[in-house]
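# Residue-level structural notes
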Amino acid sequence: MMKNPDSFRRVVAGIALLAWPAFEFLAFFTSPPGADHTPAVFRENATSVQVSALLYIWATLSLIPAVLGMAHLLKYRAPRTGAIGAALGLVGAGHGLTLFTTDFYDLALAQVLPDAQAEKVTAQAGELWGFLYGMLLPGFLLHIGLFTLLIGLAATRLAPRWAPVAAAVGTVVPFVTMEQPPAVQSTGALLHLAAYGWIALRVLRMPEAEWKDGELTGRRPSPA
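Structure report, in brief. (Residues numbered from 1 in each chain as written. Predicted model: local features only at pLDDT ≥ 70, side-chain atom pairs only at ≥ 80, totals over all residues. Heavy atoms only, no water.)

### Examining the side chain of Ser52
With respect to the helices and strands, Ser52 occurs in helix H3 (residues 46-73). Owing to a relative accessible area of 3%, Ser52 belongs among the buried residues under this scheme. Setting aside its immediate chain neighbours within four residues, Ser52 contacts Ala27, Thr30 and Ser31. (Helix = DSSP H or I, 4+ residues; strand = E, 2+ residues; numbered from the N terminus. Buried < 20%, exposed > 50% of the residue type's maximum accessible area, 1.4 Å probe, protein only. Contact = heavy atoms within 4.5 Å.)

Take a look at the structure:
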């Protein structure tokens with residue numbers, strides 16, 4: 001496999017499509033309880049804060065080859081959709097990596113400063129325009145990019161039509177269950193595992209010719 005770059009990229013993409021929702025599930029499952037992660041909560045759950053943050057980072061890292069793999073599947077069938085989805089997804093993933101490192105700084109503040117000062121510093125950082133508009137909001141482009149790719153894969157019959165719906169619900173679940181225990185929030189990742197796992201298994205089982213050439217025999221590439 002290492003001697004065949006096409007096979008290597010296919011396997012990496014397939015594994016990444018499985019790894020990212022698995023890491024996401026574990027990240028939510030190990031995160032501190034409650035919606036308000038106060039300095040006291042961070043101090044009391046110092047280990048889980050670090051474990052969860054690392055898992056979120058690994059999940060986001062896994063998204064990079066996953067996004068590239070899904071875009072590759074669309075390179076002949078819907079090249080424009082694949083390119084747009086990949087661009088948005090990669091920009092969002094890059095910003096996501098920076099955002100998840102802030103948990104370590106919030107934990108350090110909680111361990112060093114009085115609660116009121118730690119909360120003031122965190123609030124001040126969140127109001128900085130560079131953080132808000134340059135890091136936080138661009139991170140949401142990840143979701144737009146992923147949905148663009150999923151819709152493209154479903155439209156070209158490379159993924160089932162339920163996959164974008166399942167992924168959308170899986171993304172919403174953590175936001176509407178913020179007051180629930182981490183085990184409840186983590187259920188959204190299981191929907192992601194179903195959607196992206198289906199695509200992952202197809203990629204891992206895909207013949208080399210289909211992965212490389214898109215099985216375009218007798219078909220014209222779509223400009224979409």
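### Some details on a nonpolar patch on the surface
A contiguous nonpolar patch, built from Trp129, Tyr133, Leu137, Phe140, Val172, Phe175, Val176 and Met178 and spanning about 910 Å² of accessible area, is present on the exposed surface. Elements supplying a minimum of two residues to the nonpolar patch: helix H7 (129-139) and helix H9 (162-176). Assignment of secondary structure puts Val172 in helix H9. Classification of Val172 by relative accessible area gives partly exposed; the value is 44%. (Patch = residues over 30% accessible without salt bridge, like charges linked within 9 Å, V, L, I, M, F, W, Y side chains within 5 Å. Areas by Shrake-Rupley, 256 points an atom, 1.4 Å probe, with all protein chains shown as cover. Salt bridge = Lys/Arg side-chain N within 4 Å of Asp/Glu carboxyl O.)

### Considerations on the pattern of salt bridges
Taken as a whole and assessed by the stated rule, the structure comprises four salt bridges. Arg202 is paired through a salt bridge with Glu210; the nearest N and O atoms lie 3.6 Å apart. Residue classification places Glu210 among the buried positions, given a relative accessible area of 11%.

### A few points about the packing of helix H1 (residues 5-30) against helix H11 (residues 187-205)
Running from N to C, H1 and H11 point in directions that differ by 170°, and their axes come no closer than 8 Å. With respect to H11, the axis of H1 lies roughly antiparallel. As H1 runs across H11, the sense of the crossing is left-handed. Between H1 and H11, the contacting residues are Arg10, Val11, Gly14, Ile15, Leu17, Leu18, Trp20, Pro21, Glu24 and Phe25 on the first element and Ala189, Leu190, His192, Leu193, Tyr196, Gly197, Ile199, Ala200, Val203, Leu204 and Arg205 on the second. Classifying every residue of the contact of H1 with H11 by side-chain character gives 15 nonpolar, three polar and three charged. (Axes fitted to C-alpha atoms, helices over the stretch in contact; angles between N-to-C directions. Parallel < 35°, antiparallel > 145°, perpendicular 65-115°, else oblique. Left-handed = near helix turned anticlockwise from the far one by under 90°. Nonpolar A, V, L, I, M, F, W, Y, C, P; charged D, E, K, R; others polar.)

### Structural notes on unusual backbone geometry
Most peptide bonds take the trans configuration, and most residues that are not glycine carry a negative phi. Residue Arg157 is not a glycine yet carries a positive backbone phi of 65°. Position of Arg157 among the secondary structure elements: in the loop between helix H8 (141-155) and H9.

### Re the nonpolar core
In terms of nonpolar packing, the biggest core is built from 32 residues, with Leu17, Met70, Leu73, Leu146, Leu153, Tyr196 and Ile199 touching the most fellow members. For this core, the secondary-structure elements that each account for two or more residues are H1, H3, helix H4 (79-100), H8, H9 and H11. Top contributing element to this core by residue count: H3, with seven residues. Setting aside residues no more than four positions away along its own chain, Leu153 makes contact with Met70, Leu73, Leu74, Leu158, Ala159 and Ile199. In terms of nonpolar packing, the next biggest core, distinct from the first, is built from five residues, Ala46, Val49, Leu107 and Ala110 among them. (Core = buried A, V, L, I, M, F, W, Y, C linked by side-chain atoms within 4.5 Å.)

### Quick word on the packing of H4 against helix H5 (residues 102-112)
Two elements in contact, H4 and H5, have axes whose closest approach is 4 Å; the angle formed by their N-to-C orientations is 15°. Regarding the angle of H4 to H5, the classification is roughly parallel. Residues Thr98, Leu99 and Phe100 of H4 touch H5, and the partners they reach there are Thr102, Asp103 and Phe104. When grouped by side-chain class, the residues that make up the contact of H4 with H5 number three nonpolar, two polar and one charged.

### What to know about the packing of aromatic side chains
For the structure shown, the criterion picks out five aromatic pairs. Seen from their ring centres, Phe25 and Phe29 are 5.8 Å apart, and the 20° between their planes marks the pair as stacked. Note that Phe25 and Phe29 are positioned in helix H1 at a spacing of four residues, about one turn of the helix. The class of Phe29 is partly exposed, set by a relative accessible area of 45%. Among the aromatic residues, those joined into a ring-pair cluster are Phe28, Tyr56 and Phe100. (Phe/Tyr/Trp six-rings, centres within 6.5 Å; stacked < 30°, edge-to-face > 60°.)

### Focus: H8
Helix length check: H8 (15 residues) gives 21 Å between terminal C-alpha atoms against 21 Å at 1.5 Å per residue, within 8%. Those residues of H8 that fall on the buried side of the exposure criterion are Leu142, Gly145, Leu146, Leu149, Leu150, Gly152, Leu153 and Ala154. Each element contacted by the buried residues of H8 is listed here: H1, H3, H4, H7, H9 and H11. In the stretch just after H8, Arg157 is the one whose phi turns positive, near 65°. (Expected span 1.5 Å × (residues − 1).)

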